[in-house]
Amino acid sequence: MILTVTMNPAYDMTYRVEHFERGQAHRVSSVEQRIGGKGINVTRVLNQLGKYARATGFADHAFAAAAELEMPVDFVHALPWVRRTVVISESEDGTATALWEPGARVSNPHAAEQLAVRVAGMMPEIDGLVISGSLPGGIAASLPAEIARTAIAADVPTICDVDGEALRLAAQVPGVILMPNGDELQRLTGIKPATADEVVTAAKPLIDRGVRAVVATRGADGMVAVTADGAWFAALPQPLAGNPTGAGDSATAAVIAALTSDPVPDWPAILTDAVATSAAAVVIPVAGEIDRCLRTRIAPTVRVTQLDLPTRQETAP
């Protein structure tokens, strides 16, 4: 079983319009609402990849009940309400505009402890763990790192896809795998990488301090994986247009699925699958879904290049 942790879930709203123009009224052709949040999206994609996944985190009773109709869940009921994320999807060219609500504040002083205990209790059943997304108010930024540390001590492959202070603290957990996008990597390292080689330069000090791997997602510019043993860049020959919301979550699902299947990771193969799975999500208007036929078809076209690892002296501040 792979467990995903979503601390700030959302109802994902998708409005489809022909063309979105700021300051104008629009006739919406269709509306979709589904349960969401980064870990929820990862869980959905894992199930589509044939992996058994369970979702946990914080929720209210209504959200937990709705989620239970679709997937195995075990939420801590600590949120007074669940936020919404709105994506305006344009049928004209596939452009997507997203609006993210901040979410409710957790007032239960024991909620963090309850979630940590719940995850620890499931540890004997877990083959992989993903902690992803933002944190609601009232939850300390140290919680993802605390949960990750428990999982890694139990020899469970663990991905943290978080941001800000939570990412900084997670990066201090030996053995953790980080999956930042370009902005998140810049906030973590203070370096704004413009090329794949610059991503490696920014990520290598994290590896030197104990991070198992950094898989940097770069949107249409592909992905870079950095480990102690090597670094690789992977991308499609031509990026696909569509809705990028959830593409990173699909990549996360592909990475954790591979890590739970093979004790000795083949990072070029993992990157290939992550890029193909991410692209297969872009063409779907809603997050948490992939075009599996497209994924299979484009995987052989992904180009992987090995990059040079800088020395400790080259990356030293």
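Residues numbered from 1 in each chain as written. Predicted model: local features only at pLDDT ≥ 70, side-chain atom pairs only at ≥ 80, totals over all residues. Heavy atoms only, no water.

- Under the annotation held in an unreviewed UniProt entry, the protein carries the name Hexose kinase and is attributed to Nocardia iowensis.
- Per its UniProt entry, the protein bears the Sequence similarities (unreviewed entry) comment "Belongs to the carbohydrate kinase PfkB family." (UniProt positions renumbered as here; feature names shortened; annotations may be inferred.)

### Examining the sheet that holds strand 7 (residues 96–100)
Next up, step 1: The strand order 3-2-6-7 describes an open sheet built from four strands, whose pairing is mixed. Of all the strands in the sheet, the pair left with one neighbour each is strand 3 (30–36) and strand 7. Across this sheet, the average inter-strand angle for adjacent strands is 20°, counted without regard to direction.
Next up, step 2: The sheet contact formed by strand 6 (residues 83–90) and strand 7 spans five bridges and is antiparallel. Residue pairing in the sheet places I88 in a bridge with T97 of strand 7. (Pairing = 2+ DSSP bridges. Helix = DSSP H or I, 4+ residues; strand = E, 2+ residues; numbered from the N terminus. Axes fitted to C-alpha atoms, helices over the stretch in contact; angles between N-to-C directions.)

### Notes on the packing of aromatic side chains
Next up, step 1: Using the criterion set out here, one finds two aromatic pairs in the structure.
Next up, step 2: Centre to centre, the rings of Y11 and F63 are 5.3 Å apart; their planes meet at 70°, and the pair counts as edge-to-face. With a gap of 52 residues between them, Y11 in strand 2 (residues 10–17) and F63 in helix 2 (residues 61–68) connect regions that are remote in the sequence.
Next up, step 3: By relative accessible area, Y11 is classed as buried at 17%.
Next up, step 4: Taking relative accessible area as the criterion, F63 reaches 0% and is therefore assigned buried.
Next up, step 5: Between F63 and F75, the ring centres sit 5.9 Å apart and the planes meet at 80°, which makes this aromatic pair edge-to-face. Here F63 is found in helix 2, whereas its partner F75 is found in strand 5 (residues 73–77), with twelve residues between them in sequence.
Next up, step 6: An aromatic cluster of at least three residues, connected via ring pairs, comprises Y11, F63 and F75. (Phe/Tyr/Trp six-rings, centres within 6.5 Å; stacked < 30°, edge-to-face > 60°. Buried < 20%, exposed > 50% of the residue type's maximum accessible area, 1.4 Å probe, protein only.)

### Points about unusual backbone geometry
What is expected of a backbone is that most residues other than glycine have negative phi and most peptide bonds are trans.
Next up, step 1: Phi angles above zero are rare outside glycine, and D155 is one such case at about 65°.
Next up, step 2: Of note, D155 is situated in the loop between helix 4 (143–153) and strand 9 (158–161).

### Considering the pattern of salt bridges
Next up, step 1: In this structure the tally under the stated criterion is eleven salt bridges.
Next up, step 2: A salt bridge links K38 to D249; the nearest nitrogen and oxygen atoms lie 2.7 Å apart. Placement of the pair is K38 in helix 1 (residues 38–48) and D249 in helix 8 (residues 247–261), with a sequence separation of 211 residues.
Next up, step 3: The exposure class assigned to K38 is partly exposed, which follows from its relative accessible area of 28%.
Next up, step 4: Given a relative accessible area of 4%, D249 falls into the buried group. (Salt bridge = Lys/Arg side-chain N within 4 Å of Asp/Glu carboxyl O.)

### A short note on helix 8
The α-helix winds at 3.6 residues per turn, so residues separated by three or four positions along the chain end up facing the same way.
Next up, step 1: The end-to-end C-alpha separation of helix 8 is 22 Å, in line with the 21 Å expected for 15 residues at 1.5 Å each.
Next up, step 2: Of all 15 residues in helix 8, eleven are buried; the element is thus mostly enclosed.
Next up, step 3: Inspection of helix 8 places A247, D249, S250, A251, T252, A253, A254, V255, I256, A257 and L259 among the buried residues, and these make up the whole buried set. (Expected span 1.5 Å × (residues − 1).)

### Some details on the side chain of T158
Next up, step 1: Relative to the helices and strands, T158 resides in strand 9.
Next up, step 2: A distance of 2.9 Å separates the side chain of T158 from the backbone oxygen of V156, its partner in a polar contact.
Next up, step 3: Setting aside anything within four residues of it in sequence, one finds T158 in contact with L129, I131, A148, A151, I152, V176 and I177. (Polar contact = N/O pair within 3.5 Å; in protein donor to acceptor, adjacent residues only side chain to side chain. Contact = heavy atoms within 4.5 Å.)

### Some words on the sheet that holds strand 14 (residues 303–307)
Backbone-to-backbone hydrogen bonds pair the strands of a sheet. The strands run either parallel or antiparallel.
Next up, step 1: Spatially, the ten strands line up as an open sheet ordered 5-4-1-8-9-10-11-12-13-14, and their pairing is mixed. Looking at strand neighbours, the two that pair on one side only are strand 5 and strand 14, the edges of this open sheet.
Next up, step 2: Pairing of strand 12 (residues 223–227) with strand 13 (residues 231–235), which is carried by four bridges, proceeds in the antiparallel orientation. Looking at strand 13, one finds that M223 is bridged to A234.

### Concerning the layout of surface pockets
Next up, step 1: What the second largest pocket holds in volume is close to 160 Å³.
Next up, step 2: The wall of the second largest pocket is formed by 13 residues, among which N181, G182, D183, P193 and R218 lie closest to the centre.
Next up, step 3: Those elements that place two or more of their residues in the lining of the second largest pocket are helix 6 (182–189) and strand 11 (213–217).
Next up, step 4: The greatest single-element share of the lining of the second largest pocket, amounting to four residues, is contributed by helix 6.
Next up, step 5: Classifying every residue of the lining of the second largest pocket by side-chain character gives five nonpolar, four polar and four charged. (1 Å grid on protein atoms, 1.4 Å probe; cavity = no way out; pocket = protein on both sides within 12 Å on 5 of 7 lines; lining within 4 Å. Points joined across faces, edges and corners; volume = space filled by probe spheres on them. Nonpolar A, V, L, I, M, F, W, Y, C, P; charged D, E, K, R; others polar.)

### Some points on the packing of helix 8 against helix 9 (residues 267–282)
Next up, step 1: Interhelical geometry of helix 8 versus helix 9 gives an angle of 145° and a closest axis separation of 8 Å. In this structure, the crossing between helix 8 and helix 9 has a hand that is right-handed. Taken together, the residues of helix 9 that come into contact with helix 8 (itself represented by A247, S250, A251, A254, V255, A258 and L259) are W267, I270, D273, A274, T277, S278, A281 and V282.
Next up, step 2: Grouping the amino acids of the contact of helix 8 with helix 9 by side-chain chemistry returns eleven nonpolar, three polar and one charged. (Left-handed = near helix turned anticlockwise from the far one by under 90°.)

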